[in-house]
Amino acid sequence: MTPVSDALLEVTDVHRHYRLPRERLFGPRPVVQALAGVSFTLQRGRSLGIVGESGSGKSTLARLVMALEPPSAGQVRFDGQDLQALDADALRRARAGFQMVFQDPYGSLDPRRTVLQTVSEPLAVLHGAGRTERRERATEALDAVGLRAADLDKYPHEFSGGQRQRIAIARALITRPRLIVADEPVSALDVSVQAQVLNLMQDLQDRFEVTYLFISHDLAVVDLVCDEVIVLQHGRIVEQGHPDQMFRDPQHPYTRRLLAAVPGQSSSVAGAAGALPAP
């Protein structure tokens, strides 16, 4: 029997460029290079933070990992499969193994749909699950994130920001994925609520052996949840290592600038997280 690799996600020499509209009628179309030769491996059950300022390529990388768009060059492999080589049916089946949590917990939830409809939607789309199974699995997912079965028939406006993000995490969990891509999942929340959500994500990782790709502009936040950090600047990796090492002795000027930009946030978020019990 072939042994299972510890690598769940492999990104190899990935490039992504976009052609912009022509500035002149007969002129060439300008090209923007969003990613330029990014490579990394994410092991099962681990957490990798991708950090950088706006425009560094973080969200582009997230879209490529989620197979929402193809790389211009390079390869993204999930559980040994090249996602771009899969046909539509195979890609749909593979998507059950990786889900996403977005930045804005209110904007990512349809205000016209109940929590049950929102959380169970991936089951209907990816598995064709029936009504009874969807409700049972949605109840389990809500329980996992600290909400109640009675919340299934409510609407997003009836919840706080932190509760809405828990609903978004429940939606990501319902297919029992091996990988969750979290794109700025706490940046729209207050610091104390950030700590609650980060504690929840750590607890869920321990319980369900979830692997995280954690996208953020803030090294202080990824320090709390990630085993390793990659710093992106202009679509290139400029530094990679353990968060403790980066805080203690950052090697690249860009990393030092990111740390200097949030002098108080590290202690406030970390302190709030340490003061809260695990969810």
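For the structure, see preceding data.
Definitions and limits used
- Residues numbered from 1 in each chain as written.
- Predicted model: local features only at pLDDT ≥ 70, side-chain atom pairs only at ≥ 80, totals over all residues.
- Heavy atoms only, no water.
- Pairing = 2+ DSSP bridges.
- Helix = DSSP H or I, 4+ residues; strand = E, 2+ residues; numbered from the N terminus.
- Contact = heavy atoms within 4.5 Å.
- Axes fitted to C-alpha atoms, helices over the stretch in contact; angles between N-to-C directions.
- Parallel < 35°, antiparallel > 145°, perpendicular 65-115°, else oblique.
- Left-handed = near helix turned anticlockwise from the far one by under 90°.
- Nonpolar A, V, L, I, M, F, W, Y, C, P; charged D, E, K, R; others polar.
- Salt bridge = Lys/Arg side-chain N within 4 Å of Asp/Glu carboxyl O.
- Buried < 20%, exposed > 50% of the residue type's maximum accessible area, 1.4 Å probe, protein only.
- Core = buried A, V, L, I, M, F, W, Y, C linked by side-chain atoms within 4.5 Å.
- Phe/Tyr/Trp six-rings, centres within 6.5 Å; stacked < 30°, edge-to-face > 60°.

Where do I start with the sheet that holds strand β1 (residues 7-19) in this structure?
Picture the strands of a sheet paired through backbone hydrogen bonds; they go either parallel or antiparallel. Taken in spatial order, the four strands of this open sheet run β2-β1-β4-β5, and their pairing is antiparallel. Taken across any chain shown, the strands that pair with only one partner, and hence form the sheet edges, are β2 (31-43) and β5 (81-82). In terms of strand pairing, β1 meets β2 through ten bridges, oriented antiparallel. Bridging across to β2, Tyr-18 finds its partner in Val-32. Across the sheet, helix α1 (residues 58-65) lies against β1, β2 and β4 (73-78), angled at about 120° from β1, the strand it touches most.

What's the story with the packing of helix α5 (residues 161-173) against helix α6 (residues 191-208) in this structure? I'm lost.
Geometrically, a packed helix pair is captured by the angle between its two axes and the distance between the axes. Between α5 and α6, the least distance of the axes is 10 Å, while the angle of their chain directions is 20°. By the criterion of interaxial angle, the relationship of α5 to α6 is roughly parallel. The way α5 lies across α6 gives a crossing that is right-handed. Counting all contacts with α5, which are made through Gly-162, Gln-165, Arg-166, Ile-169 and Leu-173, the residues of α6 involved are Val-193, Gln-196, Val-197, Leu-200, Met-201 and Leu-204. Of the residues assigned to the contact of α5 with α6, the class counts are seven nonpolar, three polar and one charged.

Help me understand the pattern of salt bridges, please; the structure alone is not making it clear to me.
If the charged atoms of two oppositely charged side chains come close together, the side chains can form a pair. Under the criterion given, the structure shown has 14 salt bridges. Here Arg-44 and Asp-79 are joined by a salt bridge, their closest N and O atoms 2.6 Å apart. Of this pair, Arg-44 sits in the loop between β2 and β3 (47-51) while Asp-79 sits in the loop between β4 and β5, and the two are 35 residues apart along the sequence. By relative accessible area, Arg-44 is classed as partly exposed at 31%. Residue Asp-79 is classed as partly exposed on the basis of its relative accessible area of 30%. Taken together, the salt bridges that share partners define one network made up of Arg-16, Arg-63 and Glu-69.

When you look at the nonpolar core in this model, what are you seeing that I'm missing?
Nonpolar side chains in soluble globular proteins tend to be buried together. Core analysis: the biggest nonpolar cluster contains 47 residues, and Val-119, Val-145, Ile-169, Leu-173, Leu-204, Phe-214 and Leu-219 have the highest contact counts within it. With residues up to four places along the chain from it excluded, the contact list for Phe-214 reads Leu-48, Gly-49, Ile-50, Ala-182, Pro-185, Leu-198, Met-201, Val-221, Val-222, Val-225 and Cys-226. Residues Leu-42, Ile-50, Leu-61 and Leu-83 belong to the second largest nonpolar core, which totals 31 residues.

Would you mind going over the packing of aromatic side chains with me for this structure?
Geometry of an aromatic ring pair is reported as the spacing of the ring centres plus the angle between the planes. Enumeration over the complete set of coordinates arrives at one aromatic pair. Between the aromatic rings of Phe-78 and Phe-98, the centroid separation amounts to 5.1 Å while the plane-to-plane angle is 70°, which identifies the pairing as edge-to-face. Placement of Phe-78 in strand β4 and of Phe-98 in strand β6 (residues 98-101) is noted, with a sequence separation of 20 residues between them. Look at Phe-78 and you get buried, because its relative accessible area is 2%.

Even after reading the chapter, I still don't get the environment of Pro-71, so can you show me in this structure?
Mapped onto the elements, Pro-71 comes out in the loop between α1 and β4. With relative accessibility at 15%, the residue Pro-71 sits in the buried group. Remark: the alpha-carbon pair of Pro-71 and Gln-196, spanning 125 residues in sequence, is separated by 35 Å. Setting aside chain neighbours within four positions, we find Pro-71 in contact with Val-14, His-15, Arg-16, Leu-64 and Gln-84.

Before we go on, may I ask you to explain the sheet that holds β3 in this structure?
Taken together, the six strands give an open sheet; going across it, the order is β6-β7-β8-β3-β9-β10, and neighbouring strands pair in mixed fashion. Strands at the two margins of the open sheet, each flanked by one partner only, are β6 and β10 (236-241). Averaged over all pairs of adjacent strands, the angle between strand axes in this sheet comes to 20°, irrespective of strand direction. Bridging between β6 and strand β7 (residues 179-183) involves four bridges; their strand directions are parallel. Among the inter-strand pairings, Gln-99 is bridged to a residue of β7, identified as Ile-180. Sheet strands touched by α5: β6 and β7. Its angle to β6, the strand with the most contacts, is close to 170°.

Help me understand the pairing of β1 in this model?
Put simply, side chains in a regular strand alternate between the two faces of the sheet. Sheet topology places β1 next to β4; five bridges connect them, and they run antiparallel. Across the sheet, Thr-12 pairs through a bridge with Gln-75, a residue of β4.

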